[in-house]
Amino acid sequence: MVLKGKNIVLAVSGGIAAYKVVQVARDLTKEGAEVHVLMSEAATRFVTPLTFQTLTQQKVHTQIWEGWTKEEQGHISLPGHADLILLAPATANTMAKLAHGLADDLISTAYLATPATTPFMVVPAMEHLMFVHPATQQNIQTLRDRGVIVLDPKYGEHATGATGLGRMPEPTEIVAAVRLVLGQRQGDLRGKRVVVTAGGTQEPIDPVRFIGNGSSGQMGYALAQQALERGAKVTLISGPVKLEPPYGCEFVSVRTTREMEAAVNLALEANPPTDVLIMAAAVADFRPLRPSEQKIKKEKDKPTPVIELELNPDILLGLKGRPGLENLLRVGFAAETNDLALNAEKKLKDKDLDLIVANEAISSIGQPDNEVTLIERGGLTQQLARKPKRAVATAILDKVLELLEKKHVMNNA
Ligand code: CTP
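Residues numbered from 1 in each chain as written. Predicted model: local features only at pLDDT ≥ 70, side-chain atom pairs only at ≥ 80, totals over all residues. Heavy atoms only, no water.

Asker: Go over the pattern of salt bridges with me, naming the residues and quoting the values.
Answerer: Inspection of every chain in the model, using the stated rule, returns 25 salt bridges. Because the salt bridges share partners, they merge into one network encompassing Glu31, Arg179, Glu229 and Arg390. (Salt bridge = Lys/Arg side-chain N within 4 Å of Asp/Glu carboxyl O.)

Written out as structure tokens, the structure is:
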């Protein structure tokens, strides 16, 4: 979403990773950005300008001397109109030019012509000996000191077969970093701190068995991802799931309800204070009273074991009335198998929430899409049609933004 209508200059310098940047150009364009590609002469030896031109539907620039029309005045006007400049792959040579202010090709000239307020992101990719060389490291430091965003390369195998630090991050990660930077500058949740819980908690019965549920974490991860893209600082506290944490969040991995409670409390104690807590996790309400230290064996002639349970803390309820959290916007979920609205409204009141997202448990837990009803404090209700969890996350965050604005107006009245 954040990429829609954005103007991005993609500068490609001459490394083998240029072939992967083709995917970056495609993904940015697919998400609605207008992508203007500049290529160094060396880059055109790895990938043809026609490849980028076909994917971006924009003229690709390769020569400083190519003769610009009045409208496109090239290296000066392109960065001037851009929302972000992305240099990928960034070779050691190109970064050295940028660090020293040379302007003898299209990319180095474009760098000098970039307004100080426009984000400039650099994605180094090179052989590990070149990357760790003090000259390259010093140049990277110089760029960082000037406010350039330099992504860290990965450790791994290079095109030559050597292994080390210097591999370019995958295209999905580069695009995620672009979304993040744009969101932090322009997103409607910028500056806000959001804590999201996701996935189900697990309570051990013995070292190999546990009480759990079928939560996949998709809803919470979609919320965390979108809050990040909209500019929020996000802490994602997650039970065990099979998803990658979204790029750029603070990630806390937990297993049990008590671990999740401790992580939530710690996150809420941090300064500056959290603006929004979204409890999307499917929290286990009970735990075995005496988990066995050894695997429980099935033994002939012995009775089937009985697992005695005790109650877990209710994380949201524990925050009710806690001093210092008066300005925290609290969002809960209600997963119900019956009397959806009635049960959800009761939870909203009992747990002192600003918003509850009510959904039918069986058709939502672990599924890729969801049908939810948003119920605000006071009872105002909005029913949403079944849609992918990503779209549900957008609707929830739109409502969160509206409630934050209301709270702000009330606090300042
Ligand atoms: N929740 C929590 N701590 C718990 C259980 C739930 O903070 N021990 C949170 C959930 O993350 C969710 C909301 O409370 O945002 C409602 O959770 P849900 O499982 O629907 O309801 P419960 O309060 O557990 O009640 P019940 O299981 O009886 O329906």
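Asker: Please give an account of the site of the ligand that cites residues and values.
Answerer: Around the ligand, 14 residues are found, and the nearest of them are Met279, Ala281, Phe333, Lys347 and Lys351. Contact between the ligand and Asp314: a nitrogen atom at 3.5 Å from a side-chain N or O atom of the residue. One of the side-chain nitrogen or oxygen atoms of Lys351 is found 2.5 Å away from an oxygen atom of the ligand. Protein burial of the ligand: of its 570 Å² of free accessible surface, 78% is covered by the chains. Structurally, the ligand is housed in the largest pocket. (Near = heavy atom within 4 Å. Polar contact = N/O pair within 3.5 Å; in protein donor to acceptor, adjacent residues only side chain to side chain. Areas by Shrake-Rupley, 256 points an atom, 1.4 Å probe, with all protein chains shown as cover. 1 Å grid on protein atoms, 1.4 Å probe; cavity = no way out; pocket = protein on both sides within 12 Å on 5 of 7 lines; lining within 4 Å. Sits in = over half its atoms within 2 Å of the grid points.)

Asker: Could you give me a rundown of the sheet that holds strand 4 (residues 120-124), with the residues and numbers involved?
Answerer: By way of backbone hydrogen bonds, the strands of a sheet pair with one another, either parallel or antiparallel. Spatially, the five strands line up as an open sheet ordered 2-1-3-4-5, and their pairing is parallel. With one partner strand each, in any of the chains shown, strand 2 (34-39) and strand 5 (149-150) form the two edges of the open sheet. Bridging between strand 1 (residues 7-12) and strand 3 (residues 84-90) involves four bridges; their strand directions are parallel. The residue of strand 3 that forms the bridge with Ile8 is Leu84. Here helix 9 (residues 171-186) sits on the sheet and contacts strand 1, strand 3, strand 4 and strand 5; the angle it forms with strand 3, its principal contact strand, is near 155 degrees. (Pairing = 2+ DSSP bridges. Helix = DSSP H or I, 4+ residues; strand = E, 2+ residues; numbered from the N terminus. Contact = heavy atoms within 4.5 Å. Axes fitted to C-alpha atoms, helices over the stretch in contact; angles between N-to-C directions.)

Asker: Summarise the sheet that holds strand 20 (residues 381-383); cite the residues concerned and give the values.
Answerer: Taken in spatial order, the eight strands make up an open sheet running 12-11-8-13-16-17-19-20, and their pairing is mixed. Each having just a single partner strand, strand 12 (250-253) and strand 20 make up the two edges of the open sheet. Neighbour to neighbour, the strand axes of the sheet diverge by 15 degrees on average, direction disregarded. Note: strand 13 (residues 276-279) against strand 16 (residues 329-336), four bridges, orientation parallel.

Asker: Tell me about the side chain of Thr94, and name the residues and values.
Answerer: Mapped onto the elements of the fold, Thr94 is located in helix 5 (residues 92-100). By relative accessible area, Thr94 is classed as buried at 4%. For Thr94, the residues in contact, after removing those within four places along its chain, are Ser13, Leu87 and Ile107. (Buried < 20%, exposed > 50% of the residue type's maximum accessible area, 1.4 Å probe, protein only.)

Asker: Which residues make up empty space enclosed by the protein, and what values do they have?
Answerer: Enumeration according to the criterion identifies one cavity of 30 Å³ or more in this entry. In this structure, the largest cavity spans a volume of roughly 30 Å³. Every residue lining the largest cavity is listed: Ala176, Arg179, Leu180, Gln225, Leu228, Glu229 and Tyr247. Those elements that provide at least two residues to the lining of the largest cavity are helix 9 and helix 10 (218-229). Residue classes in the lining of the largest cavity are distributed as four nonpolar, one polar and two charged. Shared between two domains, the lining of the largest cavity takes at least three residues from each, and those domains are domain 1 (7-181) and domain 2 (188-411). (Points joined across faces, edges and corners; volume = space filled by probe spheres on them. Nonpolar A, V, L, I, M, F, W, Y, C, P; charged D, E, K, R; others polar. Domains from an automatic or database assignment.)

Asker: Tell me about the pairing of strand 8 (residues 193-198), residues and numbers included.
Answerer: The side chains of a regular strand alternate, first on one face of the sheet and then on the other. Across the six residues of strand 8, five count as buried, placing the element largely inside the fold. Here six bridges tie strand 8 to strand 11 (residues 233-238), and the two strands are oriented parallel to one another. When the bridges of strand 11 are listed, Val195 appears paired with Thr235. Here strand 8 pairs with strand 13 via four bridges, running parallel. Each bridged residue has a counterpart across the sheet, and for Val196 the counterpart in strand 13 is Ile278.

Asker: Provide a residue-level description of the domain arrangement of the protein chain, including the pertinent values.
Answerer: As assigned here, the protein chain comprises domain 1 (7-181) and domain 2 (188-411). Computed from C-alpha coordinates alone, the two centres of domain 1 and domain 2 are separated by 39 Å. Each partner contributes residues to the interface: domain 1 has six residues there, and domain 2 has five residues. In this assembly, domain 1 packs against domain 2 so that about 500 Å² is buried in total across both faces, 68% of it on carbon and sulfur atoms. On the domain 1 side of the contact with domain 2, Glu173, Arg179 and Leu180 bury the most area, a combined 77% of that side's loss. (Buried area = accessible area lost by both parts, 1.4 Å probe.)

Asker: Describe the packing of helix 1 (residues 18-30) against helix 3 (residues 49-56), naming the residues involved and giving the relevant values.
Answerer: Interaxial distance between helix 1 and helix 3 falls to 9 Å at its minimum, and their mutual angle equals 15 degrees. What the angle tells us is that helix 1 and helix 3 run roughly parallel. At the point where helix 1 passes helix 3, the crossing takes the right-handed sense. Contacts between helix 1 and helix 3 involve Ala18, Val21, Val22, Ala25, Arg26 and Thr29 from the first element and Thr51, Phe52, Leu55 and Thr56 from the second. Its residues placed into classes, the contact of helix 1 with helix 3 shows six nonpolar, three polar and one charged. (Parallel < 35°, antiparallel > 145°, perpendicular 65-115°, else oblique. Left-handed = near helix turned anticlockwise from the far one by under 90°.)

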